[in-house]
Amino acid sequence: MSVYPAVVGRHARLPHWASLPVVVAVFGLSVTLLVTGVLHQSEQRRARTLLERQATGVEAAITAEANRYVDTMTDLTAAISAQTSLTGEDFVAIMSGLSADRLYGASSVSLVMPSASAELPDLATDWSPGVQSDALVPDAVGAALALPHRYVVLNRTLDGSTARVGRDVARIAPARDAMDASMRLGRPIASRTYVLTKDAETLPPAQRQSSFVVASPVRLAGNAGTGEPRGWLVMGMRGQDFLERTLRRAAAGQVRVELRDVEGTKARRVASWPRGGDDLLTTIGAAGRADAAGATPTPAPATTWRADGIEHRWVTVAGRTWLLSVAPMDSFVQPDGTLDTVVLVAGTLIGLLLASLVGVLTRSRDRALVDVQHATAALRADVARREEVEVELRRRERELAGFAGVAAHDLRSPLTAASAYLEVLADEATDELGHQGRDFLGRARSAVARTDRMLTDLLEYATAEHVELHRTQVSLNLLVAEVIAERTDRLEPDPHRVTVGELPVVSGDPGMLRQVLDNLIGNGVKYTAPGRPPRVSVRARRGERAWRIEVADQGIGIPPEEREGVFDAFHRGAGSGEFSGSGLGLAICRKIVERHGGAIGVEPDPGGGSVFWFTLPDPPA
């Protein structure tokens, strides 16, 4: 503070001290504009670099996935071309390793053979595919257009549909062009996108996808790879299914991705992530044009360009060039102008504030110092209060942790020791004790066991709401079988004691769900009137986006006024006093079910007893 008088004194001696606020304001505004410009350029470069890196990663993932399919087609074609006389059994054996799990989006793999004659005398000259000529159906439209016939003679479906053999696919222009290009180039080639014929015939328009086929030339055996072309191996692909997993994994929640097949000035979407999102490309313009004859569009000289903050680039998929568009999501680090505006406004305000402060410094110095001191004192007081609250919270946490430690160790250890001593006493000194002594010993052992169960239930109740939830696919049939085996291990065998219907596989924490089933089944076995055998039934019903699991018993039942309260902690219903228990089992069940997003309740069983039910909702897609 010792510098203030000197500074004020110098300013007071200036002949034109009133111009100082103007100088400070101009200088501050100039610095603010400079900093804002530098910051804006830096953020733009950073966002551009990040988007280019994401686009490169997406492009690499798409290329790798496409190459995997091309390699599969190449291997299958080589295996077929190596056959001297292909039969249906040979085709099935070659295709046996294919599955929809490995080839996402693949609908079928077909062997297509050409024939220039309607009578088809030459179709089986060199091959024996196992299909009769009268089973082949020439396409009337193709014949009218003088198109050579191309028949599907063997077919392996991968999407669960029925194999379709004998169709003439000559008039399907995209497939025909791809087959011609693959025969001409001698390698697998992808077609233009279109709706697969079987999708157009069986699916509603909303479920149809932009699809394509990959055609690979099949040559005569004996000189595979260079022999005379004979036919084609054609794989049908649904575009969205083919690339959705790849796009989702490569996008990593940061960018939106779209892949389009470009033909002329039209671009048809093949796949996108998120699925069904807004179009990232509204016009092709000078981006490029497609080769109408076959395989490869001709891109513009620049293979990568940016427009409206969206990265566009060409990517090769099975010999055909498609257009890849990548745009940032809201969560992506990108300049939105907010930071620049904040810096500009803040810098301008600071400059004006400094200018005003210089103008009134001589008259407001003491007032400002007092305000600063008051503000500092209030801030320090607030910080002190926050520190006290934090210290108190940590102390409470330590107390809770200490209580858990005492409950888990200091209480259970003596109980375990007492139980062990009582077991030893029961084994070695039972004969020496009188009738009353043996009665006291039994009561002591029962009291220790009840205390141990109570402590276990308390710990489970305290941790049920906070323990980490590990979701996985859980078979309720297996869990119920384990519970029944443990609950009835020491009971006389009775196949009618617990009956189990067909139970589903659900998403949840297996340990917690097992605890719920153990409590409900155990209660059904335990709370049974004397002299009446326990009967428990476990079943499941499908509800709207959830499974409803029911555990029915023929026990003592629950009065209507107590059905809501039985799930409260330490609640013991009417008629349960003669049964052992802590009153925490159903409260633990409610906490676990609610953590899984479900509900729990109890209803009367028409045959006597109660029906306890709980719901497990389906996980979000």
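Here is what the cut-offs are and how they apply
- Residues numbered from 1 in each chain as written.
- Predicted model: local features only at pLDDT ≥ 70, side-chain atom pairs only at ≥ 80, totals over all residues.
- Heavy atoms only, no water.
- Pairing = 2+ DSSP bridges.
- Helix = DSSP H or I, 4+ residues; strand = E, 2+ residues; numbered from the N terminus.
- Axes fitted to C-alpha atoms, helices over the stretch in contact; angles between N-to-C directions.
- Expected span 1.5 Å × (residues − 1).
- Buried < 20%, exposed > 50% of the residue type's maximum accessible area, 1.4 Å probe, protein only.
- Polar contact = N/O pair within 3.5 Å; in protein donor to acceptor, adjacent residues only side chain to side chain.
- Contact = heavy atoms within 4.5 Å.
- Patch = residues over 30% accessible without salt bridge, like charges linked within 9 Å, V, L, I, M, F, W, Y side chains within 5 Å.
- Areas by Shrake-Rupley, 256 points an atom, 1.4 Å probe, with all protein chains shown as cover.
- Salt bridge = Lys/Arg side-chain N within 4 Å of Asp/Glu carboxyl O.
- pLDDT = per-residue confidence, 0-100.
- Phe/Tyr/Trp six-rings, centres within 6.5 Å; stacked < 30°, edge-to-face > 60°.
- Lys NZ or Arg CZ within 6 Å of the ring centre and 35° of its normal.
- Core = buried A, V, L, I, M, F, W, Y, C linked by side-chain atoms within 4.5 Å.
- Parallel < 35°, antiparallel > 145°, perpendicular 65-115°, else oblique.
- Left-handed = near helix turned anticlockwise from the far one by under 90°.
- Nonpolar A, V, L, I, M, F, W, Y, C, P; charged D, E, K, R; others polar.

### Side note on the sheet that holds strand β11 (residues 310–317)
Pairing in this open sheet of five strands is antiparallel, and the strands run β7-β6-β12-β11-β10 from one edge to the other. Strands at the two margins of the open sheet, each flanked by one partner only, are β7 (266–273) and β10 (304–307). Ignoring strand direction, the axes of neighbouring strands in this sheet form an average angle of 30 degrees. Bridging between strand β6 (residues 255–263) and β7 involves seven bridges; their strand directions are antiparallel. Across the sheet, the residue bridging to valine 262 is alanine 267, located in β7.

### Re helix α11 (residues 510–526)
Here α11 contains 17 residues, and its C-alpha end-to-end distance of 24 Å stays within 8% of the 24 Å for a straight helix at 1.5 Å per residue. Of all 17 residues making up α11, 12 are buried, and the element is well covered by its neighbours. Those residues of α11 that sit buried are Met512, Leu513, Val516, Leu517, Asp518, Asn519, Leu520, Ile521, Gly522, Asn523, Gly524 and Val525. Where α11 begins, the side chain of aspartate 509 points an oxygen toward the backbone nitrogen of glycine 511, at a separation of 3.0 Å.

### Notes on helix α12 (residues 585–595)
With respect to burial, α12 is a largely interior element, eight of its 11 residues being buried. Buried within α12 we find Gly585, Leu586, Ala587, Ile588, Cys589, Lys591, Ile592 and Val593. One or two positions beyond α12, positive phi appears at glycine 597, with a value near 85 degrees.

### Digging into the side chain of aspartate 199
Summarising the element assignment, aspartate 199 is placed in helix α6 (residues 197–202). Setting aside residues no more than four positions away along its own chain, aspartate 199 makes contact with Arg208, Ser211 and Arg238.

### A word on a nonpolar patch on the surface
Taken together, the side chains of Phe27, Val31 and Val35 present a nonpolar region at the surface, about 280 Å² in accessible area. Relative to the elements of secondary structure, phenylalanine 27 occurs in helix α2 (residues 20–81).

### Quick look at the confidence of the model for the protein chain
On average, residues of the protein chain carry a pLDDT of 77, and 72% of them reach 70 or more. Across residues 285–301, confidence stays below pLDDT 50; counting only partners more than four residues off in sequence or on other chains, it has 40 contacts.

### Considerations on the side chain of arginine 548
Position of arginine 548 among the secondary structure elements: in strand β17 (residues 546–553). On the accessibility criterion, arginine 548 (16% relative accessible area) is buried. One polar contact links arginine 548 to glutamate 550, side chain to side chain, over a distance of 2.8 Å. At a separation of 3.2 Å, a polar atom in the side chain of arginine 548 contacts the side chain of glutamate 603. If we ignore the near neighbours within four places in the chain, the residues touching arginine 548 are Arg539, Ala540, Arg541, Glu603, Trp613, Phe614 and Thr615.

### Concerning the packing of aromatic side chains
In the structure shown here, the tally under the stated rule is five aromatic pairs. Between the aromatic rings of tyrosine 69 and phenylalanine 242, the centroid separation amounts to 4.7 Å while the plane-to-plane angle is 80 degrees, which identifies the pairing as edge-to-face. Placement of the pair is tyrosine 69 in helix α2 and phenylalanine 242 in helix α7 (residues 239–251), with a sequence separation of 173 residues. We note that tyrosine 69, like phenylalanine 242, is buried. An aromatic cluster is present here, built from Tyr69, Phe212, Phe242 and Trp322 joined pairwise through their rings. Across the ring face of tyrosine 104, the terminal group of arginine 245 is positioned such that the distance to the ring centre comes to 4.1 Å. Against the face of tryptophan 273 rests arginine 248, its NZ or CZ located 5.4 Å from the ring centre.

### A look at the pairing of β10
Relative to β11, β10 runs antiparallel, the two sharing four bridges. Across the sheet, alanine 307 pairs through a bridge with isoleucine 310, a residue of β11. Between the end of β10 and the start of β11, which pair antiparallel, lie two residues, with aspartate 308 showing a positive phi angle near 55 degrees.

### Some words on the nonpolar core
Among the nonpolar cores identified, the biggest contains 48 residues, and Ile62, Met95 and Leu233 are the most heavily contacted of them. Considering every element that reaches this core, the biggest residue donor is α2, with 10 residues. For methionine 95, the residues in contact, after removing those within four places along its chain, are Leu76, Ile80, Val109, Arg156 and Leu233. Counting 35 residues, the second largest nonpolar core, distinct from the first, contains Val516, Ile558, Ile592 and Phe614.

### Observations concerning the pairing of β6
Within a regular strand, side chains alternate between the sheet's two faces. Burial analysis of β6 places seven of its nine residues in the buried class, the great majority of the element. Here six bridges tie β6 to strand β12 (residues 320–328), and the two strands are oriented antiparallel to one another. Looking at the pairing, leucine 259 lines up with leucine 324 of β12. With antiparallel pairing between neighbouring strands as the criterion, β6 and β7 make up a hairpin whose turn holds two residues, including glycine 264 at a positive phi of roughly 65 degrees.

### Considering the packing of helix α10 (residues 476–487) against α11
Where α10 contacts α11, the two axes come as close as 9 Å, and the packing angle between them is 50 degrees. In terms of their interaxial angle, α10 and α11 are classed as oblique. Crossing handedness for the pair α10 and α11: right-handed. Together, Leu476, Leu479, Val480, Glu482, Val483, Glu486 and Arg487 of α10 and Pro510, Leu513, Arg514, Leu517, Asp518, Ile521 and Gly522 of α11 make up the contact between the two elements. Its residues assigned to classes, the contact of α10 with α11 shows eight nonpolar, one polar and five charged.

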